[in-house]
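Structural characterization, general
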Amino acid sequence: GWLLGWMVLQVGEAAVLLWRRPLPADAAGIPAAIGASMLRLLTAYLIALAWTLPVAIWASERERVARIVIPLAEIGASVPATALFPLIVVIVVRYVGDVNAASILLLLTGMQWYLLFNLVAGAKNVPGDLKEAGAALGLSRPLYWRAVVIPAMVPSLVTGSLTAWGGGWNALIVSEYFVYHGHTYAVQGIGAMLNVAIYESGDGPTIVYTLTAMVLVIVLLTQLFWRRAYRLAATRYRLDY
């Protein structure tokens, strides 16, 4: 107990001394860096959603497709996103040359499988009576998807989205700053700023401020958005009445 108390006091003392110092010059760029990273994450998320949502609905309607998609989703979710980074970096940097595209693709590998896995599970859990009601009413396929399947998938969509954003956030640091053939590639973002502070400038205060900003973003997103999304999914889109 005394050791933990001593550590807390030491950390507190260091934090007070740090915050009393003038802000480092790089700290002014933190808001813009966070904005660029969030935009990159949003782009990767929308790309992932654009293909995982129709594939999940397709798999829910065809058992043969589900037997292929579900194992692939489980395997993809179990493979660390960083394991694919070298291959993506080589392909994109060598043949495309767009570092920002490489960063988005790297983020995509950390997001898409979690989203697909949850969406497939949500689509397969649509109650049978709702399916029968849709067939009895003669709903067209697009109307059936919009009125029955997609609303039933909302809770799984929220869970998959939260998990996907968590995976993308974890991949952010690696995706925005990487070295290939002795050359450093970086884009504007909070992950790149942290890497520069650690590996290039060795600026301790910038490292602390950058990490603090990342933690605050996660807390704010959780409190202001994800909690509300979960409440909405649990009340408006419940199917167990």
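Before any of the text, the structure's been laid out above.
All of the points below concern the structure found in this document. (Residues numbered from 1 in each chain as written. Predicted model: local features only at pLDDT ≥ 70, side-chain atom pairs only at ≥ 80, totals over all residues. Heavy atoms only, no water.)

1. A few points about the overall build of the protein chain
In plain terms, the rule: Numbering of helices and strands runs from the N terminus; a helix is a DSSP stretch of H or I covering at least four residues, while a strand is a stretch of E covering at least two. Remark: exposure states derive from per-residue accessible area (1.4 Å probe, protein chains only) relative to the maximum for the residue type, with buried under 20%, exposed over 50%, and partly exposed in between. Any two residues having at least one pair of non-hydrogen atoms within 4.5 Å are treated as being in contact.
Broken down by element type, the protein chain carries 10 helices and 2 strands. Ordering the α and β elements of the protein chain from the N terminus gives α-α-α-α-α-α-α-α-β-β-α-α. Counting every position in the protein chain, which comprises 241 residues, the buried fraction comes to 38%. Of all intrachain contacts in the protein chain linking residues separated by at least 6 positions in sequence, the fraction that spans at least 24 positions is 76%.

2. Let's talk about the packing of helix H2 (residues 30-61) against helix H6 (residues 112-124)
The relative placement of two packed helices comes down to the angle between their axes together with the axis-to-axis distance. Formally: A fitted line through C-alpha atoms serves as each axis, taken over the contacting stretch for helices, and the angle formed by two N-to-C directions is quoted from 0 to 180°. Here the word oblique covers every angle except those under 35 degrees (roughly parallel), over 145 (roughly antiparallel) and from 65 to 115 (roughly perpendicular). Helix crossings are classified by the rotation of the near helix relative to the far one: an anticlockwise turn of less than a right angle makes the crossing left-handed, while a clockwise turn makes it right-handed. Side-chain classes are defined by residue name, with Ala, Val, Leu, Ile, Met, Phe, Trp, Tyr, Cys and Pro counting as nonpolar, Asp, Glu, Lys and Arg as charged, and the others, Gly among them, as polar.
Across the interface, H2 lies against H6 with an axial gap of 8 Å and an inter-helix angle of 30 degrees. When the axis of H2 is compared with that of H6, the two are roughly parallel. Crossing of H2 against H6: the hand is right-handed. Facing H2, whose interface residues are Tyr45, Ala48, Leu49, Trp51, Thr52, Leu53, Val55, Ala56, Ile57 and Ser60, H6 presents Gln112, Trp113, Leu115, Leu116, Leu119, Val120, Ala123 and Lys124. The residue inventory of the contact of H2 with H6, partitioned by class, reads 14 nonpolar, 3 polar and 1 charged.

3. Topic: the packing of aromatic side chains
Our working definition: Here is the rule: rings of Phe, Tyr and Trp (six-membered ring for Trp) pair when centre to centre is within 6.5 Å. Planes less than 30 degrees apart are stacked, more than 60 are edge-to-face, and the remainder are tilted.
A complete count under the given rule lists 5 aromatic pairs for this structure. Each ring, one from Tyr177 and one from Tyr199, has its centre 6.5 Å from the other, and the planes form 15 degrees; the classification is stacked. One end of the pair, Tyr177, is in strand E1 (residues 177-180); the other, Tyr199, is in helix H9 (residues 190-201), and 22 residues separate them in sequence. Classification of Tyr177 as buried rests on a relative accessible area of 11%. Judged by centre distance (5.7 Å) and plane angle (20 degrees), the rings of Phe178 and Tyr185 are stacked. Classification of Phe178 as buried rests on a relative accessible area of 8%.

4. Brief notes about the pairing of strand E2 (residues 183-186)
Spelled out, the test is: Note: two strands are recorded as paired if DSSP finds a minimum of 2 bridges between them.
Of the strand pairs in this sheet, E1 and E2 are connected by 4 bridges, and their pairing is antiparallel. Bridge pairing in E2 links Tyr180 to His183. Here E1 hands over to E2 after 2 residues, with His181 in that stretch at a positive phi of 55 degrees.

5. Some details on the packing of H2 against helix H8 (residues 141-175)
Running from N to C, H2 and H8 point in directions that differ by 140 degrees, and their axes come no closer than 9 Å. Judged by the inter-axis angle, H2 sits oblique to H8. Both H2 and H8 take part in a crossing whose hand is right-handed. The residues of H8 that touch H2, namely those facing Ser37, Met38, Leu41, Leu42, Tyr45, Leu49, Leu53, Ala56, Ile57 and Glu61, are Arg141, Tyr144, Trp145, Val149, Ile150, Met153, Leu157, Ser161, Trp165, Gly168, Trp169 and Leu172. Residues that form the contact of H2 with H8 fall into these classes: 17 nonpolar, 3 polar and 2 charged.

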